[in-house]
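# Chain and residue survey
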Amino acid sequence: MKKPIRIVNGVCSSVNPAGCFDNVCRWIEAEKKSPRIENGPRSVLILGCSGGYGLAARIATAFGAGARTLGVSYERPPTVRKHGSPGWYNNQAFDMASAEAGLFSETLLGDAFSNATREAVIDRVKRNGMGAFDLVVYSLASPARLDPSTGEIYRSVIKPVGEKLVGSTLDVATGNITEISLEPATAEEIAATVKVMGGEDWKLWIEALQAADILANNFKTIALSYIGPDATHAIYRSGTLGKAKEHLEATAFEINELIARNQGRAYVSVNRALVTRASVMIPIMSAYLCALNKVLKAKGLNENCHQQMSRLLRERLYNNDSQVATDNQGRIRLDDWEMREDVQRETAEILERLTPDNVRELTDWEGCCDELFGLFGLSPEDRA
Ligand code: NAD
């Protein structure tokens, strides 16, 4: 009898390499159909290139602007006994499609938090002729970070800050709703999460690339953040992850001072909540995500990672206006459709009525579940 395919803690018991290839090809095809990104980047570094927003940015800059891309990610190649991680197959698919299209691409597997990986990137750029970077995309999502200066390992936690949180969470892989209760994070846990997901490593990257003189004049760098509505604030924006994102957002100002001599600009883009390997691990967010998708789909406003990155590049970063549109805190807002008043009102109404019995009827759980298994290249037929 066939064993059921399960996803536990973001890890799936199966991966379909051909499905991963199809996913990458679908985004590439969509990108090829979009208008070219005029005056887009020519040489791009993507940190966290193998999935979610990083992969989407890589596809959009390569196939939409013709950029040479260097990607870094932490993925596991297959062995004789075990399949590789989905991101490994995504990288393969991207590199093959780039080669077919005559686009330069190179992909490094390594810990982006380490100085060794920074040195490897610098070494590659000096030898491979791809030229100084005019865009650096920082799109890492990691549970842990080894601080290269002290050797200490920090682990991020997903917890509320200040007060205990009690709420219901939806397992996107099964559709089951359970009650959870999370104690508030300690000061140490908050600091560790900021160390992993805050802006320290982003700044170390820019400092290293600047010192190696491989940042082009007028280059841009972008990191990604999330805010979300009141319903998710306790677990996200006012929680440990939000503290890390506040740090990331503040780091953009520090980087801007650092790169003034390159006439460079650092931005943080606040993106919409989407099903990725990182986001489904966040309790409470998952129920919100399934409700949100139902509303966005009904209104024709649902975007995937690729569509978000396409909008970021075409309508914000390279829209030929001298100024990139930001909010009053200097952040680019790509969560504008998610945060629309009508979208939020209707999503909140769904969440208020949500019970274990009406998940399928009220939310887009099925769509989100397909997306989640789809990240491992698995179609509904593969799971049947
Ligand atoms: P993802 O899990 O799809 O991708 C994470 C990437 O980081 C992968 O390429 C992975 O290989 C890489 N990575 C992780 N640890 C690494 C390490 N030590 N060294 C090298 N590479 C490493 O995640 P995602 O959801 O696309 O998240 C990317 C960014 O976008 C994060 O900063 C996240 O907070 C932000 N964001 C996500 C959402 C969402 O809903 N998914 C919304 C807004 C912002």
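Keep in mind the model is a prediction, meaning the values are calculated, not measured. (Residues numbered from 1 in each chain as written. Predicted model: local features only at pLDDT ≥ 70, side-chain atom pairs only at ≥ 80, totals over all residues. Heavy atoms only, no water.)

### So, the environment of Y74
One can find Y74 in the loop between strand 4 (68-73) and helix 3 (86-100). Through-space distance from the C-alpha of Y74 to that of A325 is 32 Å; in sequence the pair is 251 residues apart. When residues no more than four places from it in sequence are discounted, the contact partners of Y74 are G110 and D111. (Helix = DSSP H or I, 4+ residues; strand = E, 2+ residues; numbered from the N terminus. Contact = heavy atoms within 4.5 Å.)

### Some thoughts on the site of the ligand
Around the ligand, 30 residues are found, and the nearest of them are S50, E75, A112, K245 and T276. One of the side-chain nitrogen or oxygen atoms of E75 is found 2.8 Å away from an oxygen atom of the ligand. Here T276 contributes a side-chain N or O atom positioned 2.6 Å from an oxygen atom of the ligand. Against a free-state accessible area of 840 Å², the protein chains account for coverage of 92% of the ligand. Counting residues per element, the ones that place at least two in the shell around the ligand are helix 2 (52-65) and strand 11 (215-225). For the shell around the ligand, the per-class residue count stands at 13 nonpolar, 12 polar and 5 charged. (Near = heavy atom within 4 Å. Polar contact = N/O pair within 3.5 Å; in protein donor to acceptor, adjacent residues only side chain to side chain. Areas by Shrake-Rupley, 256 points an atom, 1.4 Å probe, with all protein chains shown as cover. Nonpolar A, V, L, I, M, F, W, Y, C, P; charged D, E, K, R; others polar.)

### Some words on the pattern of salt bridges
In this structure the tally under the stated criterion is 27 salt bridges. Measuring nitrogen to oxygen at the nearest pair gives 3.6 Å for the salt bridge that ties K32 to E29. Of this pair, K32 and E29 both sit in helix 1 (residues 17-33), 3 residues apart, which is roughly one turn of that helix. Here K32 falls in the partly exposed class, since its relative accessible area comes to 48%. Residue classification places E29 among the partly exposed positions, given a relative accessible area of 39%. With its nearest N and O atoms 2.9 Å apart, the salt bridge here joins K203 to E254. Taken as a pair, K203 in helix 6 (residues 200-211) and E254 in helix 8 (residues 240-258) lie far apart in primary sequence, 51 residues in all. (Salt bridge = Lys/Arg side-chain N within 4 Å of Asp/Glu carboxyl O. Buried < 20%, exposed > 50% of the residue type's maximum accessible area, 1.4 Å probe, protein only.)

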